[in-house]
Each structure stands twice: as structure tokens, then as C-alpha cells.
Amino acid sequence: MSAEDGNYHALLARHDAMRLRRQMLSYGTFPGASSGSGSGTGLRGPAGQPYDGVADQRTIMRNLDLVAPFEELIAHLYQALFTRHPSLRSLFPAEMAFQQAHLARAFWYLLEHLDRPEQITATFTQLGRDHRKLGVRPAQYAAFETALCEALRIRAGEH
Ligand code: HEM
């Protein structure tokens, strides 16, 4: 691909991102209020036992101070991601404040709904579809995960 083609594709991706962001904001990807019970989802934990989101929620909340605030954790995350994968930087807006705030909201949503896995599945399935439209590839999720782990280590140190 020529540099010009590359720029053109980066531009297309940015347009897609902007459109999706407007869409996500307008339908409220992470509505604060929620309802529903955690029963009957059929979700399974690693050893095949029913997934116990409440236990995870308690563990995370108990240890949250080690990595909080999310804004700083997330700043480390993106720094790690872009240092290891500079090509990903062009996918994101120049000014990252909104992006960081939205990711923080996503983290809070996840934490607050761990006891309602079916709601998490619905919300994040939609977010996943939106990311697929942006052209995000499975390998990039792996890079994101590595960057998140790195950020958690920076914040929590040996803990
Ligand atoms: C599980 C991991 C991820 C979560 C929870 C997540 C979450 C989000 C959220 C909440 C938004 C909406 C931001 C907004 O409303 O402005 C967003 C947008 C976006 N995400 Fe992700 N994301 C994840 C992984 C990734 C990965 C791996 C990539 C690609 C490297 C990526 C690329 C983007 C881009 C390009 C946007 C649009 C940015 C813009 O507004 O221009 N995301 N993500």
C-alpha cells in the first residue's frame, strides 16, 4: 500500500470512528440505571462452574484503591499501547481526554454490572460490533489486554 493509500484508509477509519462515537453517545452505550437479575444466564467460569460475578465484584472493589483512579490507569494503558504499537495511534482522536473518560465509564459499567452478566453481554456485544465496524482485529484486543496488564502493574506495583 502506498503512503497515500495508507493516509486515505486512516482517514476513512477516523470518519467511521467519529460516526460510531456519535452513535454510541446518542444511544447511551452505558446507561447508568439498570435492572434485571443475574440468574439463568448460562455463563460459565473457567472450570465450568456457574459464573459468580458477585464474588469477582467484591474482590475487585476491595482492591480497587491499588489501581484507581481509572483515569490514570487508562492514561498508562494508552501510553503502553501506543509505545508498543505506534501504528494504532492514528485510529484514535488527537485529543484523548474524551476517549479516556468513555473507557473509564465502560470500566465502571462493567464493575457495577458484574452481578448481572446478561446485561454485560448485551452491552459489550454491541460495543464489540461497533469495534468490528471500525476494523479492530482480534490481535489488537490482545495488544490492548497486554497494555491493560502493564498499566495495572504500573499502578499496583508488586500487588
Ligand atoms: C475490551 C477492550 C475495549 C474496550 C472496553 C473499548 C471501549 C471503547 C469505548 C467505550 C469506546 C467509545 C468511546 C467514545 O464514545 O468516544 C471506544 C471507541 C474506540 N475504540 Fe475501543 N475499546 C476496547 C478495545 C479497543 C481496541 C483493541 C481498539 C483498537 C486498537 C479500539 C479502538 C477504538 C477506536 C478507534 C474507537 C473510536 C475512537 C474515536 O472516538 O475516534 N478499542 N472503545
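Treat the numbers as computed from the prediction; the structure is a model and nothing was measured.

1. Considerations on the overall build of the protein
1) Next: When its secondary structure is counted, the protein shows six helices and zero strands.
2) Next: For the protein, the succession of helices and strands along the chain, N to C, is α-α-α-α-α-α.
3) Next: Looking at the protein as a whole, 8% of its 159 residues qualify as buried.
4) Next: Within the protein, contacts between residues at least 6 apart in sequence are counted, and of these 81% link residues at least 24 apart.

2. Quick word on the nonpolar core
1) Next: Of all hydrophobic cores here, the largest spans eight residues; its members are Phe70, Leu73, Ile74, Leu77, Ala80, Leu81, Ala147 and Ala151.
2) Next: Of all the secondary structure elements, the ones that give two or more residues to this core are helix H3 (70–84) and helix H6 (138–156).
3) Next: Tallying contributions element by element places H3 first for this core, with six residues.
4) Next: For Ile74, the contacting residues outside a window of four places in its chain are Gln100, Leu103 and Ala104.

3. What to know about unusual backbone geometry
1) Next: Look at the link from Ala68 to Pro69: it is a cis peptide, with omega at -5°.
2) Next: Relative to the helices and strands, Pro69 resides in the loop between helix H2 (53–63) and H3.

4. What about the packing of H3 against helix H4 (residues 97–112)?
1) Next: Contact pair H3 / H4: the axes reach a minimum separation of 9 Å and the direction vectors enclose 115°. As H3 runs across H4, the sense of the crossing is right-handed. Of the residues in H4, those touching H3 at Phe70, Glu71, Ile74 and Ala75 are Gln100, Leu103, Ala104 and Phe107.
2) Next: For the contact of H3 with H4, the per-class residue count stands at six nonpolar, one polar and one charged.

5. Brief notes about the environment of Leu64
1) Next: By the element assignment, Leu64 lies in the loop between H2 and H3.
2) Next: The class of Leu64 is exposed, set by 12 C-beta atoms lying within 10 Å.
3) Next: Sequence separation between Leu64 and Ala156 is 92 residues, and the spatial gap between their C-alpha atoms is 9.5 Å.

6. A few points about the confidence of the model for the protein
1) Next: The predicted model of the protein has a mean per-residue pLDDT of 84, with 77% of residues at 70 or higher.
2) Next: Contacts for the low-pLDDT stretch residues 33–41, under 50 throughout, to residues beyond four places or in other chains number 12 contacts.

So, how was this worked out
- Residues numbered from 1 in each chain as written.
- Predicted model: local features only at pLDDT ≥ 70, side-chain atom pairs only at ≥ 80, totals over all residues.
- Helix = DSSP H or I, 4+ residues; strand = E, 2+ residues; numbered from the N terminus.
- Buried ≥ 20, exposed ≤ 12 C-beta atoms within 10 Å, placed from the backbone.
- Contact = placed C-beta atoms within 7 Å.
- Core = buried A, V, L, I, M, F, W, Y, C linked by C-beta atoms within 7 Å.
- Axes fitted to C-alpha atoms, helices over the stretch in contact; angles between N-to-C directions.
- Left-handed = near helix turned anticlockwise from the far one by under 90°.
- Nonpolar A, V, L, I, M, F, W, Y, C, P; charged D, E, K, R; others polar.
- pLDDT = per-residue confidence, 0-100.

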